[in-house]
Amino acid sequence: MSLLDLLKESNKDPKKPFIINGPTSVCLEDITNQEISVIEEIKSGDVVSIIGDFDPLSISNLISLIDKGAIVVPLTDDTTPMHEYFFENSFSDYVLKDNVLKKLNNHDEKPRILEDLKSSGNPGLILFSTGTTGRPKAILHDFTNFMGRYRSKREPLKTINFLLFDHIGGINTLFHTIINNGEVYVPSERTPLSIAKEIFANDIELLPTSPSFLRMMLIEKVFDSELLKSLKLITYGTEKMDINTLKSISDKIDCDIRQTYGMSELGIFKVITKSRSELYIKIVGDDIETKIDDGVLKIRSKIRMLGYLNAEDPFDADGWYDTGDIVEQSEEWIKIVGRKSQIISSG
């Protein structure tokens, strides 16, 4: 079954918008009606950098490329100064932007894992790391394996989205929303007050964000208003949360508050939070194993990347990945307290 057919089968109403961006919206019918003749020359195994956003054309081209067996590199205009680096390190054969396809110079030799994926006939996904030191790493996923995370249906919630087209969280939100018949609202501004007003105006139920943004919301006293009364769930991740911020939010709002955990190399994990005002979590799932080695969290996952295209393999001989997160353990629960390296390139 093609990806488009899977999405059609999962989506109950092809005319219901799943992405709302101000006056514009995107539904599955918009995707199926898009003209995609520009990518006819793309063959299975070709690496295509697609510069776009969460609009009908970009989403339609992304899905069509995957169904052709291509290896897709989603990018945005925000990272334009880095595009040449991304093209080179993803070994891109083509660049697709605004429905214009440009062929790049062929690479004489590609990494073995890229050639192996091409030989398998499966489509691929290449993402670039953002939270590590040094130059961004090119992360290669087998897209067929990547889609395994959507086997279990979840409750659809009206969500406000902070994450972009080139981020694993953004791609995860896109497919999770379509398959589960949810709605994602793209904010016009990313300030505490404007986000709160969007939540109020659209009866948003889920706010996925970062501890830093939650602290900004506390400083601007957004939690003291009635603007957030529709929220059922706040999720936070991407950086360490401090207990004072978490308890302050817990005291000011009644909705559920959960920590998230994931990374581009291994995906987004299912996490159980011990309580809305505590930092202890459990990472669970049939495809996930965890262990603590000298106070550092290590993870083994079946839904993991194939490897880096421009860096050494980070997995040990038994398939364990060193997250670099220092944790404290209390029985079956863990709490992230720091990192082996405090230096990050973005946060």
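Residues numbered from 1 in each chain as written. Predicted model: local features only at pLDDT ≥ 70, side-chain atom pairs only at ≥ 80, totals over all residues. Heavy atoms only, no water.

Peer 1: Can you lay out the sheet that holds strand 3 (residues 47-51) for me, pointing to particular residues and giving the numbers?
Peer 2: Spatially, seven strands are ordered 6-5-3-4-7-8-20 in an open sheet, and the strand pairing comes out mixed. Looking at strand neighbours, the two that pair on one side only are strand 6 (100-103) and strand 20 (307-308), the edges of this open sheet. With five bridges joining them, strand 7 (residues 124-128) and strand 8 (residues 138-142) adopt antiparallel strand pairing. Within the sheet, the bridge partner assigned to leucine 127 lies in strand 8 and is isoleucine 139. Of the strands in this sheet, strand 3, strand 4 (71-75), strand 7, strand 8 and strand 20 touch helix 5 (residues 112-120), which is tilted by about 25 degrees from strand 8. (Pairing = 2+ DSSP bridges. Helix = DSSP H or I, 4+ residues; strand = E, 2+ residues; numbered from the N terminus. Contact = heavy atoms within 4.5 Å. Axes fitted to C-alpha atoms, helices over the stretch in contact; angles between N-to-C directions.)

Peer 1: If you had to explain the side chain of threonine 323 to someone new, which residues and values would you point to?
Peer 2: If you trace the backbone, threonine 323 turns up in strand 21 (residues 321-330). The exposure class assigned to threonine 323 is buried, which follows from its relative accessible area of 6%. Looking at threonine 323, its side chain comes within polar contact range of the main-chain nitrogen of aspartate 325, at 3.1 Å. The residues contacting threonine 323, other than those within four sequence positions of it, are Tyr261, Met263, Leu297, Ile299 and Arg339. (Buried < 20%, exposed > 50% of the residue type's maximum accessible area, 1.4 Å probe, protein only. Polar contact = N/O pair within 3.5 Å; in protein donor to acceptor, adjacent residues only side chain to side chain.)

Peer 1: Tell me about the environment of proline 211, and please be specific about residues and values.
Peer 2: Structurally, the position occupied by proline 211 is in helix 9 (residues 211-219). Using a relative accessible area of 0% as the deciding quantity, one classes proline 211 as buried. Sequence separation of proline 211 and threonine 79 is 132 residues, and the distance between their C-alpha atoms is 24 Å.

Peer 1: Would you mind going over the nonpolar core in detail, with residue names and values included?
Peer 2: Membership of the largest hydrophobic core comes to 36 residues, with the highest contact counts inside it found for Leu65, Leu174 and Phe175. Counting residues per element, this core draws most heavily on helix 7 (residues 168-179), which supplies six residues. For leucine 65, the contacting residues outside a window of four places in its chain are Ile39, Ile42, Val48, Ile50, Ala70, Val72 and Leu96. With 26 residues, the next largest nonpolar core counts Ile20, Ile160, Met217 and Leu228 among its residues. (Core = buried A, V, L, I, M, F, W, Y, C linked by side-chain atoms within 4.5 Å.)

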